[in-house]
Amino acid sequence: QVQLVESGGGLVQAGGSLRLSCAASGRAVSTYAMGWFRQAPGKEREFVAAISWSGGTTYYADSVKGRFTISGDNARNTVYLQMNSLKPEDTAVYYCARNPWHSNYASLSAYDSWGQGTQVTVSS
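In what follows, the accompanying structure is described. (Residues numbered from 1 in each chain as written. Predicted model: local features only at pLDDT ≥ 70, side-chain atom pairs only at ≥ 80, totals over all residues. Heavy atoms only, no water.)

A look at the overall build of the protein chain
Logical step 1: What the protein chain contains, in helices and strands, is zero helices and 11 strands.
Logical step 2: Each helix and strand of the protein chain, placed in order from N terminus to C terminus, yields the pattern β-β-β-β-β-β-β-β-β-β-β.
Logical step 3: Since a compact globule built from 124 residues should have a radius of gyration of about 14 Å, the 13 Å found for the protein chain is in line with a globular shape.
Logical step 4: Considered along the principal axes of its C-alpha atoms, the protein chain spans approximately 40 × 25 × 25 Å.
Logical step 5: Within the protein chain, contacts between residues at least 6 apart in sequence are counted, and of these 56% link residues at least 24 apart.
Logical step 6: Element-wise, carbon and sulfur atoms account for 47% of the exposed surface of the protein chain, whose accessible area totals about 6,100 Å².
Logical step 7: Computing the positive centroid from 10 side-chain charges and the negative centroid from 8, the protein chain places the two 4 Å apart. (Helix = DSSP H or I, 4+ residues; strand = E, 2+ residues; numbered from the N terminus. Rg over C-alpha atoms; globule rule 2.2 N^0.38 Å. Contact = heavy atoms within 4.5 Å. Areas by Shrake-Rupley, 256 points an atom, 1.4 Å probe, with all protein chains shown as cover. Lys, Arg positive; Asp, Glu negative; His and termini not counted. Charge placed at Lys NZ, Arg CZ, Asp CG, Glu CD.)

If you want it as structure tokens, here you go:
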């Protein structure tokens, strides 16, 4: 079983940047695909980004493409989400998750382990 712990959230003004981290215990994250999701109050959890080391590929939701970058550090067993040009609509709790099947990256059901989340608030 893997434990995922997110950090790096906070309050930032619109146009600012934050970098979220997801530290994993146990098996190397490079063995899996890893994803970031977010959930705003009163809304469903939605896909943000994913990375698959096996294929060396990244995936992004249209709403964050060009502003967010997902990356990983094998030595630290950590996945990052660099968020630039933040907007008030990016306000949400952000979760990282593990995808053992390297497929269906935007689907919640493709992820079998989740972190506890970190709050990101973007003020206008």
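With respect to the side chain of T118
Logical step 1: Residue placement: T118 occurs in strand 11 (residues 118-123).
Logical step 2: Separated by 3.2 Å, the side chain of T118 and the backbone nitrogen of G9 make a polar contact.
Logical step 3: For T118, the residues in contact, after removing those within four places along its chain, are E6, S7, G8, G9, L20, A92, V93 and Y94. (Polar contact = N/O pair within 3.5 Å; in protein donor to acceptor, adjacent residues only side chain to side chain.)

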